[in-house]
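What the coordinates show
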Amino acid sequence: MEKNKFWDETARYGAILGGILALSFILETSMSLSGRMSLYTLLGLEWIVVVVLHYYLLHRFTRQYSTRYSAEEGFSFGQGYAYLMAVSGFAGAIVGVVQAVYLHLVMGYENYTERMSAAITELLASGGEVPAQMEGMIEQLIDQMQSAATPSVLSTVWGGIFTSLLFGAFFGLIIAGVLSRAPRPFDTSDNLE
C-alpha cells in the first residue's frame with residue numbers, strides 16, 4: 001500500500017510540474033519564433049521564473065513527502081533523491097509528449113525549422129550590422145538547422161524526459177541534501193518527561 005502511495009503521489013506531482021513545464025515550452029517556442037527582440041528579453045525573464053518555480057515546487061513536494069517520516073526514522077538523502085527523481089521522470093514524460101505533439105503534429109517540424117530560421121534572420125536584420133565572422137557562423141547554423149534530419153517522435157519524447165531528469169538530478173542534489181535528516185531514535189515525546 002505504501003509503495004502505491006509513493007507512485008500515486010509522484011505521478012500527481014509530476015503531472016503538476018509537467019503541465020507547468022509543458023506550458024512554458026509552448027510559450028518559449030512561440031516567443032522564439034516571433035523574431036522580436038522585446039520578446040527575447042521577456043523569454044529570458046520567463047526562463048528564470050520557470051527555473052525558480054521548478055526548484056521551488058520540487059523542494060516543496062519533497063519537503064511535504066519528508067514529513068511522513070518521523071524523527072525516529074529520519075529521512076535519508078537517498079529517499080529524498082529517489083522521490084525527486086520519480087517526480088521529475090513523470091514531469092519529463094508529460095513535457096516530452098507535449099513537445100512531440102506540438103512540434104510534430106501541431107506545427108510540423110519542417111515548418112518549425114523554417115519559422116525558426118526566419119525569426120533568426122529577422123532578428124539579425126533588425127539589430128543592425130553584424131560582424132562578418134558572426135554572419136558566416138549564423139548562416140552555417142541556419143543551414144545546419146534546415147538540413148538536419150527530422151527527429152523521431154520517440155526521440156523528442158526522450159529528450160523531454162532526459163531534460164527533466166537532468167534538472168531533477170541537479171536540483172535533487174541540493175534539495176535532498178538540505179531535507180535529509182539522521183534518525184533520532186531517542187527523540188520522542190515519551191522521553192521528554
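Quick caveat: nothing in here was measured; it's all calculated off a predicted structure. (Residues numbered from 1 in each chain as written. Predicted model: local features only at pLDDT ≥ 70, side-chain atom pairs only at ≥ 80, totals over all residues. Heavy atoms only, no water.)

Here we take up the overall build of the protein chain. Looking only at helices and strands, the protein chain has 6 helices and 0 strands in total. For the protein chain, the sequential pattern of α-helices and β-strands runs α-α-α-α-α-α. Whereas a compact globule of 193 residues would reach a radius of gyration of roughly 16 Å, the protein chain reaches 22 Å, over 25% beyond that. For the C-alpha atoms alone, the extent of the protein chain along its principal axes is close to 80 × 30 × 25 Å. Per-residue burial for the protein chain yields a buried fraction of 36% across its 193 residues. For the protein chain, the proportion of contacts with a sequence separation of at least 24, taken over those separated by at least 6, is 83%. (Helix = DSSP H or I, 4+ residues; strand = E, 2+ residues; numbered from the N terminus. Rg over C-alpha atoms; globule rule 2.2 N^0.38 Å. Buried < 20%, exposed > 50% of the residue type's maximum accessible area, 1.4 Å probe, protein only. Contact = heavy atoms within 4.5 Å.)

What follows concerns the pattern of salt bridges. Using the criterion set out here, one finds 1 salt bridge in the structure. We note a salt bridge from Arg68 to Glu9, for which the minimum N-O separation is 2.4 Å. Of this pair, Arg68 sits in the loop between helix H2 (37-66) and helix H3 (77-107) while Glu9 sits in helix H1 (residues 2-34), and the two are 59 residues apart along the sequence. Residue Arg68 is classed as partly exposed on the basis of its relative accessible area, which comes to 43%. Owing to a relative accessible area of 4%, Glu9 belongs among the buried residues under this scheme. (Salt bridge = Lys/Arg side-chain N within 4 Å of Asp/Glu carboxyl O.)

Take Thr156: it is sitting in helix H6 (residues 153-179). Using a relative accessible area of 11% as the deciding quantity, one classes Thr156 as buried. Among the polar contacts made by the side chain of Thr156, one reaches the side chain of His104 at a distance of 2.9 Å. Looking at Thr156, its side chain comes within polar contact range of the main-chain oxygen of Ser152, at 3.0 Å. Leave out the neighbours within four places in its chain, and Thr156 touches Gly96, Gln99, Ala100, His104 and Pro151. (Polar contact = N/O pair within 3.5 Å; in protein donor to acceptor, adjacent residues only side chain to side chain.)

Moving on: the confidence of the model for the protein chain. In this model, the protein chain carries an average pLDDT of 86, and 90% of its residues clear a pLDDT of 70 or more. Element-level pLDDT for the protein chain is lowest in helix H5 (residues 132-147), with a mean of 74, against a maximum mean of 95 in H3. (pLDDT = per-residue confidence, 0-100.)

Another aspect to go through is H2. If you check H2, its first and last C-alpha atoms are 44 Å apart, about what 30 residues at 1.5 Å a residue would give, namely 44 Å. Regarding H2, the residues found buried are Leu39, Leu43, Glu46, Val50, His54, Leu57, Leu58, His59, Phe61, Thr62, Tyr65 and Ser66. (Expected span 1.5 Å × (residues − 1).)

In terms of nonpolar packing, the biggest core is built from 20 residues, with Leu17, Leu58, Phe61, Tyr65, Tyr83, Val87 and Ile175 touching the most fellow members. Broken down by element, the residue count for this core peaks at 6 residues, all from H3. When near neighbours in sequence (up to four residues on either side) are disregarded, Tyr83 contacts Phe6, Glu9, Thr10, Tyr13, Phe61, Thr62 and Tyr65. Listed in part, the 10 residues of the second largest apolar core include Met107, Tyr112, Met116 and Ile138. (Core = buried A, V, L, I, M, F, W, Y, C linked by side-chain atoms within 4.5 Å.)

The next thing to look at is the packing of aromatic side chains. Tallying each qualifying case throughout the model produces 15 aromatic pairs. A ring pair is formed by Trp7 and Phe90, whose centres lie 6.2 Å apart and whose planes are at 75°; its orientation type is edge-to-face. Highlighted residues: Trp7 in helix H1 and Phe90 in helix H3, separated in sequence by 83 residues. Here Phe90 falls in the partly exposed class, since its relative accessible area comes to 31%. Residues Tyr69 and Phe75 carry aromatic rings whose centres are separated by 5.4 Å and whose planes lie at 50° to one another, so their mutual orientation is tilted. Side by side, Tyr69 and Phe75 carry an identical accessibility label, which is buried. Three or more aromatic residues joined by ring pairs form one cluster here, namely Phe6, Trp7, Tyr65, Tyr69, Phe75, Tyr83 and Phe90. It is Arg12 that lies over the ring of Tyr13; its NZ or CZ is 5.1 Å from the centre. (Phe/Tyr/Trp six-rings, centres within 6.5 Å; stacked < 30°, edge-to-face > 60°. Lys NZ or Arg CZ within 6 Å of the ring centre and 35° of its normal.)

Bringing the packing of H2 against H6 into the picture now. Taken N-terminus to C-terminus, the directions of H2 and H6 make an angle of 45°; their axes are 10 Å apart at the nearest point. Judged by the angle between their axes, H2 and H6 are oblique. As H2 packs across H6, the resulting crossing turns out to be right-handed. For the pair formed by H2 and H6, the contact residues are Trp47, Val51, His54, Tyr55, Leu58, His59, Thr62 and Arg63 on the first element and Phe167, Gly168, Phe171, Ile174, Ile175, Val178 and Leu179 on the second. (Axes fitted to C-alpha atoms, helices over the stretch in contact; angles between N-to-C directions. Parallel < 35°, antiparallel > 145°, perpendicular 65-115°, else oblique. Left-handed = near helix turned anticlockwise from the far one by under 90°.)

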